[in-house]
Every structure is written in structure tokens, then in C-alpha cells.
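This is what each chain is made of:
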Amino acid sequence: MISQHSLRRRTLLGAAAALGASALPGLAQTKTVLRISTPAVPGDWHAKMWTVFKDSLEKSAPGEFDVRINLNASLFKQGTESVAMARGNLELATISAFDIAKLVPEFSVFTAGYVIRDPAQQQKIFNGPIGAELFKTVTEKMDITPLATAYLGTRQLNLREVRKVRTPADLKGIKLRMPGSKEWLFLGEALGATATPLAFGEVYLGLKTGTIDAQDNPLPSVRAAKLYEVTKQIVMTSHLVDGLFIAISNKSFNALNPSQKQKVKAAAQAAAAYNNENRIKEESRLVEFFKKEGLQVTTPDVEAFRKSVQAAYQNSDYAKVWPKGLLDRINATQ
Ligand code: KDO
């Protein structure tokens, strides 16, 4: 039986459909929900950039989107975001080259230490033809669409106890925490340490209690996650110019109209630009900050690290699947 109430509702809905929902103030237009999941801590630039994304979208498409930001890996565990997006369980996230390399093996070239030189080159690579080609494969194979490239920073070693570290041999026996995938562990081993997997959110406690001896991360993340409170030394290996790709699930992206697609992309690019600008600025100032906090900041024989890490990759199975000429094209990108 149809009640009076449901009849009235149907009539109203019919009228709304005929007029366009926005013509009836009582009936709210349904917003497109965009859930974001990231392990970033609130004080880090790649957490703050999501507010820029949200604000930018609210400006360009008022009332059309409901952007929900979930920090500290509170929605999805670190490293599981791309699968969640592919399945349509999550709309947006930042994913690393390491996440991509699992399904697009040639992308492992960007997980190798000492390949990308600096943040400017990183932007040129991913915003130019190399990025366009590789992102096309990412979209096809991973069911997600990369929208912008954020500079996460240049990864440095961060030790619990002070140690003389000049070359990779000096890291022998050091339990170095790396994020939990074989691609990350390979990088840790290539640096000369004993790599051990741990989620980002557990690193502070691991260092405090001594279950790990060291971790590697860019300086802004060492500051934001307060890792300097539980470590005594930073070794400036600069072993990876790291990036994060702001990506959206294909399911969500394809459900948008062309104008919304363009606005979501522009918002992602504004977010990345905000992150990049602030992170680069802060990165240059942080050595002084850590020294003031009582940490020793030392510079090793970076050439010795570079040689050793590059040899480890060249002799590995990773290099076997790098398309011919890709490394030369990367190196030639100025
Ligand atoms: C980390 O776990 O060390 C890492 O830096 C890896 C990155 O890919 C990224 O997941 C990052 O953590 C998080 O966003 C936290 O800053």
C-alpha cells in the first residue's frame, strides 16, 4: 500500500526531476563524496595539502563535492590504498612509486636510489612525456588515475644512536625500518643495512623502544612525526628524491562530468603545488632545527652510497624490466 506520505514524496521527487533538483530548495542536491585516506600526520605538508584540495574544489564547484579527509592511516592501512581505490572502496589517496611498481614493474625505476636528482627534475619527468606514457599504463593496469605529483622530500637516514657512517659498510647490522613491501626493503638493503618492515605509524614507538635502530624519511616528515625526539643522528645520504602521486579511483573519476573532472584535477594540482612549495622551503631550513634539538647531522661519502646503491639496482631483476632507454631519458630530463 502506498501511504499518503510516500505519495507526496513521489510527487515532489517527480517535480524535482522535472525542474532540476536545485530548483527546489527543500530537496538537497546529493553531493559526490570523495573520501581520502593517507598515513600522513596532521602537521605534514602532504596532509595539509588535502585541505587545499577541498577548499579549491569548494570554490570551483560549490556544493558539488563532499571531501572527507582521513589522516594517520585511519581509513586504510599504508600501502593498501591503491587496491582499495581499484575496488571502488576509496576515492582518493596518495600512492608511492613503490605501490605502483607492484603492478607496473617498469615503475620500479623510480624506487631506485639516486635516479631522480632533485624536485624540479621530478616535476619535469612526471609532468612531461615520460609521466604521460607511464601514467597511461597505471590507469589501465591499476584502475586509478594519477592527477598530480607531490614532492615528498629527499630521504635521509635517521639513527637512534650516534654512529660513524661514511659508507654503506658502516650500516652493517643496523636494523633499518622501511615501509612494508619488498621494493622498499630492497632499497634499505642496498644502503647496506638490515631492512625490516614496519608501518609509518609505528616508527616512533619502534625507535623509542629500540625494536629498530634507524628509519629513513625526508626531513619534513622527521619533523612532523616528531621522530627527532627518539633519535640522535641524521645522516644526509639523500638516497631518494621521493614522490607521491595524488590518484583517484577510475570508478569515481569516470562517474564525473567533463567539467568536474577538470576541476578535480585542478584541485589536485593546486594541492601538490602547495605541498611542493612549502616542503622545499622547509627542507632547506630543517638541518638547523634538528641541530638545535640536539641531533648530530652528518654528511657521509655520498658518492660511495650512490655507487653501491646504483650497482645493487643495475644487478637486480628490477633493472631487467626497465624499458630500453628509459633511464637515459630520465637522466636527460633537465
Ligand atoms: C614511510 O612510511 O616512510 C613513508 O615516507 C612512505 C611514503 O610512501 C608515504 O606512505 C609516507 O610514509 C606517508 O605518507 C607518511 O608521511
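Rules and cut-offs
Residues numbered from 1 in each chain as written. Predicted model: local features only at pLDDT ≥ 70, side-chain atom pairs only at ≥ 80, totals over all residues. Heavy atoms only, no water. Near = heavy atom within 4 Å. Polar contact = N/O pair within 3.5 Å; in protein donor to acceptor, adjacent residues only side chain to side chain. Areas by Shrake-Rupley, 256 points an atom, 1.4 Å probe, with all protein chains shown as cover. Nonpolar A, V, L, I, M, F, W, Y, C, P; charged D, E, K, R; others polar. Helix = DSSP H or I, 4+ residues; strand = E, 2+ residues; numbered from the N terminus. Buried < 20%, exposed > 50% of the residue type's maximum accessible area, 1.4 Å probe, protein only. Pairing = 2+ DSSP bridges. Right-handed = clockwise from strand over helix to strand, strands pointing away.

## So, the site of the ligand
The environment of the ligand is made up of 13 residues, and the closest members are H46, Q78, R155, R177 and N217. Between R155 and the ligand, the recorded distance is 2.8 Å, taken from a side-chain N or O atom to an oxygen atom. N217 places a side-chain nitrogen or oxygen 2.7 Å from an oxygen atom of the ligand. Relative to its unbound accessible area of 370 Å², the ligand is 96% covered by the protein chains. A class-by-class count of the residues in the shell around the ligand yields 7 nonpolar, 4 polar and 2 charged.

## Examining unusual backbone geometry
One non-glycine residue, A73, lies in the positive phi region at around 55°. Tracing the backbone shows A73 in the loop between β2 (65-70) and α3 (81-86). Under the relative-accessibility criterion, A73 is labelled partly exposed at 25%. Look at K226: it is not a glycine, yet its phi comes out positive at around 60°.

## Observations regarding the pairing of strand β1 (residues 32-37)
Walk down a regular strand and you will see the side chains alternate between the two sheet faces. The sheet contact formed by β1 and β2 spans 6 bridges and is parallel. Considered in β2, the bridge of I36 is made with I69. Tracing the backbone out of β1, into helix α2 (residues 45-60) and back to the parallel element β2 gives a crossover that is right-handed. As judged from the 2 bridges shared by β1 and strand β3 (residues 92-96), these two strands associate in the parallel manner. Of the residues in β3, the one forming a bridge with S37 is A93.

## As for the pairing of strand β6 (residues 194-197)
Pairing analysis gives 4 bridges linking strand β5 (residues 175-178) to β6, with the strands arranged parallel. Bridged to R177 within β6 is T196.

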